[in-house]
Amino acid sequence: MTRTDTCFHCALPNPRGCDLTVEIEGIAQPVCCPGCKAVAELIRDSGLSNYYTMRDTPSPGVGKPPDDMAEWQVFNNVEMLQAFADTEPRTAEATIYAGGMYCSACSWLIETSLSEVPGVRSVDVNPITHRLRVRWLHENLGLGDLLAKLSSLGYQPQPLAPDDASRPELAEQRMALKRLLVASLGMMQVMMFAVGLYAGDFQGIDADMQRFLRLVSFFVATPVVFYAAKPFFVSALRGVVTRKPGMDLPVSIAIGAAYVASVYATFTNGPAVWFDSVAMFVFFLTLGRYLEMRARHRSIDRGVALSQLVPNTATRIVDGERTVVPVAQLATDDVVLIRAGESIPADGIIVSGETSVDEALLTGEAKPRPRTPGNRLTAGSVNLDAIVEMRVVSTGNDTTLGAISRMSERARFTRPQFVNVADRIASHVVVALLFIATAVALYWYFVAPERAFVITLSVLVVTCPCALALATPAAFATAGSRLSELKLLVTNGNAIEVLAKATQVVFDKTGTLTCGRPEVQSIQILHDDYDEAECLRIAAALEQASTHPIAHAFRGDGTLPDVSDAANHVAQGASGTIGTSQWRIGNALFALDEPVSDDDSSTVIYLGIDGRKVARFEITDTLRPDASKTLNTLRSMGINLSLVSGDNAGAVSEVARSLNIDDLHSDCTPADKLKIIVALQARGERVVMVGDGINDAPVLAGADTSIAPGHGALLAQTSADVIMLGEFLRPVTTAIRLSRATMRIVRQNLVWAVLYNVTALPLAVAGMVPPWLAAIGMSASSLVVVLNALRLNRYS
């Protein structure tokens, strides 16, 4: 036996057809199973590859995990937990790809089964991408235990690292394409033989020729049933074993019954065979599943594209020496060199050089952005013009790109209520159809026994609820991917359903209706001991830790005084101790401990020391360029508008007048804003809050759904359901319009699916639909809902 015939790790013979390998010291070595592969990779990645050169030739089987846990127990160790899960002191959270999911019932089965495992805190399954997010107590329960449980249910689990860009769905796609090819070739050949058999029924046919055509049809149809149709049987068996039947059960019964009856008729000279109907049924079903699969895979494509923006290596500068290192080794405060044409490896600040960057895939804005020393660079954007040096601020999952990917992943695991309702309906329909098929079989058995089997087969095929089960998920998957292409990042799957019903949009002012790039227009010194320059430096020092957009007006270069006890005060300002004095910056009541009437059309900020006035700043910020047009569009859609801001009455009134907003509220704290939203909801309005996702978190949570403008590094802190990227406000109207279009598509699909079943069922029961026509009708209904959902890809 040659070396390639045995497992490199445990020395057992490699199963025939096994092509698993592990790279040890640059050489691909064969292994016999995923368990040995995982153990060998762990030894290699731990720097212990010398183990294989120093060990004696092992006895076959030594080192191989026990059979019952061979594939999964290795994932219970600490290294695997750290590699594949986000861990906290007591809990861990991991994403797992579940190969072998075929219908919405699978997601319910996985959620139910895993939730019953002691130690599991939450399970969220996304039937669109076949991924699940599990949160559990890792002290007493290992990742391998969860994978083993999934495997015992009949799925093929694969844990995904937090920054894993692998595409397990591509393997699924290749396998589906192979099955589709077998089904299509088989259908074409069987149909050719069926022509001769049908002609013989009308014109007569020699018995030997009839037997020959049936035999070759049997040989051609067999791989179609046992290979192309295998996923249907696996899914149906899983549903029976777990007592949770899915829509593949009637499909499998129909395919299996028709095939078995045809084989019996072939070898006993029975009156008819249905190999053509079987092959046609499998082909159209497989084609529909393949198109649906491509639609849901498209929802993952943008996340994968984003993950591939970051380069694999970066040029790090240490004491003037340049070294190329993996991006994973970069740390905060490292200085990296970025040449023209290279992608930015992490979030950071330019320390030398001037250039322009392309952030098109991140923000949707194709126009290059100029960047100078002190400006921020975002991971994944492209340096266009010149060499720059950047100080790293955040890396990996902590970057803006990482936040976007994380929020996209979170959205994919939130199942819209509409999808849950459709799933429940589909599962009940399956049970009802099995009862109906049984009743039909009994009726025709006593009325016309020779027709009972054919009619029952047609009933099972024509009424399969595939279209009903696909109607909602296909539409939501397509809408989610299209929204991301239109500069909208959906972080909550329920947002689409709620946006479609919106009747009132409430806007914040600063950073929402305005561009969020405030500038100090004028300074009025109110204390003789300080000048403008010193007041600006003190203000900048106090605002360093603030996340409010107005804080950007005070950001600048130069040495700033040290601030101790720095604190942010929501909707009021910031405070801190400089020297021995207590400083405050914000509104008059907060900074000066007394109200001041300001009717200026600009925002007014006060600086105070120990309760005394020091300076008064007037801050201006320009409206977003398309703010007026966007609001007019919303009005034309029948949506009411409100402006709610913590700014002074003069500034709020000026913006409201410019944008023709009648319902305005100024000097509002977050609590005031929340009361306004609750009052609107009490009137029956479905409220969408558009505002700062960081400072207005309680307000956004109180609205029916929320939208926040992207604020670069602050994306990771936002609590909004939808993030709009770029400098424009138009994505707000896009989100509502596309959500309405999505719900129209969902309703159309559901109506079509119900009407089809209601119309086709009586015809099949009456014996007016032959099996081949039933196969075409059922498959066509599934294709209709998928293609109807794909129309959303053309929305602009």
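Calculation criteria
- Each chain has its residues counted from 1, running along the sequence as written.
- Residue-level local features of this predicted model are given only where pLDDT is at least 70; pairs of side-chain atoms are given and counted only at 80 or more, and the full residue set underlies all totals for whole chains, interfaces and linings.
- Note that water and hydrogens are dropped before the side-chain values are worked out from all heavy atoms of the structure.
- Counting from the N terminus, the helices are the DSSP runs of H or I reaching at least four residues and the strands are the DSSP runs of E reaching at least two.
- Residue burial is assigned from relative accessible area. The probe radius is 1.4 Å, only protein chains are included, and a residue is buried under 20% of its type maximum, exposed over 50%, and partly exposed in between.
- Areas reported here follow the Shrake-Rupley algorithm with a probe of radius 1.4 Å; residue values treat only the protein chains shown as occluding.
- Note: two strands are recorded as paired if DSSP finds a minimum of 2 bridges between them.
- Salt bridges are counted wherever a side-chain nitrogen of Lys or Arg sits within 4 Å of a carboxyl oxygen of Asp or Glu.
- What makes a nonpolar core is a set of buried Ala, Val, Leu, Ile, Met, Phe, Trp, Tyr and Cys residues whose side-chain atoms join them at distances within 4.5 Å.
- When checking whether two residues touch, look at their non-hydrogen atoms; a contact exists if any pair is within 4.5 Å.
- Exposure above 30% relative accessible area and the absence of a salt bridge qualify a residue for a patch, where like charges join within 9 Å and nonpolar side chains (Val, Leu, Ile, Met, Phe, Trp, Tyr) within 5 Å.
- Just so you know, the count uses Lys and Arg for positive and Asp and Glu for negative, and it drops His and the chain ends.
- Charge positions come from single atoms, namely NZ of Lys, CZ of Arg, CG of Asp or CD of Glu.
- As a rule, the C-alpha atoms of each element are fitted with a line to give its axis, helices using only the stretch in contact, and angles between N-to-C directions run from 0 to 180 degrees.
- Any angle between 65 and 115 degrees counts as roughly perpendicular, while under 35 counts as roughly parallel, over 145 as roughly antiparallel, and the rest as oblique.
- Only Asp, Glu, Lys and Arg are considered charged in this grouping, and only Ala, Val, Leu, Ile, Met, Phe, Trp, Tyr, Cys and Pro are considered nonpolar; every other residue, Gly among them, is considered polar.
- Side-chain rings of Phe, Tyr and Trp, where Trp is taken by its six-membered ring, are said to pair if the distance between their centres is within 6.5 Å; with planes under 30 degrees apart they count as stacked, over 60 as edge-to-face, and otherwise as tilted.
- Of all possible arcs, the one meant is that of the directions from the helix axis to the C-beta atoms.

Colleague: Help me out: how do you make sense of the overall build of the chain in this one?
Modeller: Looking only at helices and strands, one finds 25 helices and 29 strands in the chain. Residues counted as buried form 52% of the 796 residues belonging to the chain. Here the chain has roughly 35400 Å² of accessible surface; of this, 56% comes from carbon and sulfur atoms.

Colleague: Explanation requested: the sheet that holds strand S13 (residues 369–371) in the structure shown.
Modeller: Pairing between sheet strands relies on hydrogen bonds along the backbone, with the strands arranged either parallel or antiparallel. Spatially, the 3 strands line up as an open sheet ordered S13-S12-S15, and their pairing is antiparallel. Bordering the open sheet on either side are S13 and strand S15 (382–383), each of which pairs with just one other strand. Bridge count for strand S12 (residues 355–358) against S13 is 3 bridges, and the pairing is antiparallel. By the bridge assignment, Thr355 is partnered in S13 with Arg371.

Colleague: Sorry, what's going on with the pattern of salt bridges here?
Modeller: Any two side chains of opposite charge can pair, given that their charged atoms come close. Scanning the entire structure with this criterion turns up 14 salt bridges. Asp334 serves as the salt-bridge partner of Arg316, at 3.3 Å between the closest nitrogen and oxygen. A residue pair is termed long-range when its members are at least 10 positions apart, and Arg316 in strand S8 (residues 313–318) and Asp334 in the loop between strand S9 (321–326) and strand S10 (335–338) qualify at 18 residues. Overall, the relative accessible area of 19% leaves Arg316 in the buried class. By relative accessible area, which is 17% here, Asp334 ends up buried. Measuring nitrogen to oxygen at the nearest pair gives 3.5 Å for the salt bridge that ties Asp508 to Lys673. Of this pair, Asp508 sits in the loop between strand S18 (504–507) and helix H17 (509–513) while Lys673 sits in helix H22 (residues 670–682); the two residues are 165 residues apart in sequence, bridging distant segments of the chain. Classification of Asp508 as buried rests on a relative accessible area of 6%.

Colleague: Explain the nonpolar core to me, please; I cannot follow it from the model alone.
Modeller: Nonpolar side chains tend toward joint burial in soluble globular proteins. Counting residues in hydrophobic clusters, the biggest one holds 57 residues, and the most contacted among them are Val251, Ile255, Phe275, Phe281, Val282 and Leu285. It is helix H10 (residues 275–307) that contributes the most residues to this core, 11 residues altogether. When sequence neighbours within four positions are dropped, the list of residues in contact with Ile255 reads Val225, Ala229, Phe232, Phe233, Val278, Phe281, Val282 and Leu285.

Colleague: Teacher, can you tell me more about a positive patch on the surface here?
Modeller: There is a patch of like positive charges on the surface, built from Arg744, Arg747, Arg791 and Arg794. Residue position: Arg794 is located in the segment after helix H25 (771–790).

Colleague: Honestly, the sheet that holds strand S20 (residues 564–569) in this entry has me stumped. Any pointers?
Modeller: Reading across from one edge, S19-S24-S23-S22-S21-S20 is the order of the 6 strands in this open sheet, with antiparallel pairing throughout. Edge positions in the open sheet fall to strand S19 (519–525) and S20, since each of these has one partner strand only. Along the sheet, successive strands turn relative to each other by an average axial angle of 15°, direction set aside. Bridging between S20 and strand S21 (residues 573–578) involves 4 bridges; their strand directions are antiparallel. By the bridge assignment, Ser564 is partnered in S21 with Thr577.

Colleague: In this structure, what is going on with unusual backbone geometry? I would like to understand it.
Modeller: Residues other than glycine predominantly adopt negative phi, and peptide bonds predominantly adopt the trans conformation. Despite not being glycine, Asp610 has its phi angle at roughly 50°, a positive value. Relative to the helices and strands, Asp610 resides in the loop between strand S23 (603–609) and strand S24 (612–620). Residues other than glycine seldom take positive phi values, yet Asp667 does so here, at roughly 50°.

Colleague: Looking at this structure, how should I read the packing of helix H24 (residues 731–765) against H25?
Modeller: The geometry of a pair of packed helices is captured by two quantities: the angle between their axes and the separation between those axes. Running from N to C, H24 and H25 cross one another at 170°; their axes reach a closest spacing of 9 Å. With respect to each other, H24 and H25 are oriented roughly antiparallel. Residues Ile745, Gln748, Asn749, Trp752 and Tyr756 of H24 lie in contact with H25, whose contacting residues are Ala774, Gly777, Met778, Ser781, Val784, Val785, Asn788 and Ala789. For the contact of H24 with H25, the per-class residue count stands at 8 nonpolar, 5 polar and no charged.

Colleague: Hey, could you run me through the packing of aromatic side chains in this one?
Modeller: Here the distance between the centres and the angle between the planes together describe a pair of aromatic rings. Scanning the model with the defined rule gives 12 aromatic pairs in all. When the ring of Phe218 is compared with that of Phe267, the centres are 5.6 Å apart and the planes differ by 85°; the resulting orientation is edge-to-face. Within this pair, whereas Phe218 is found in helix H7 (residues 207–228), its partner Phe267 is found in helix H9 (residues 248–268), the two being separated by 49 residues in sequence. For Phe267, a relative accessible area of 52% puts it in the exposed group. On the basis of an interplanar angle of 70° and a centroid distance of 6.2 Å, the ring pair of Tyr259 and Phe275 is categorised as edge-to-face. Within this pair, whereas Tyr259 is found in helix H9, its partner Phe275 is found in helix H10, the two being separated by 16 residues in sequence. Each of the two residues, Tyr259 as well as Phe275, counts as buried.

Colleague: Sorry, what's going on with the pairing of strand S1 (residues 21–24) here?
Modeller: The alternating pattern of S1 places Val22 and Ile24 on a buried face, while none of Thr21 and Glu23, on the opposite face, is buried. Across 4 bridges, S1 lies against strand S2 (residues 27–30) in antiparallel orientation. In the strand pairing of S2, Val22 is matched with Gln29.

Colleague: Honestly, helix H20 (residues 627–636) in this entry has me stumped. Any pointers?
Modeller: An α-helix turns once per 3.6 residues; consequently, residues spaced three or four apart project the same way. Residues Ala627, Thr630, Leu631, Thr633 and Leu634 constitute the buried set of H20. Axial view of H20: buried residues confined to an arc of 155°, hence all on one face. In H20, those exposed residues whose orientation departs by more than 90 degrees from the buried face are Lys629 and Ser636. Packed against the buried residues of H20 are S18, H17, strand S25 (640–644), helix H21 (649–659) and H24. Gly638 occupies a position one or two residues after H20 and carries a positive phi of about 85°.

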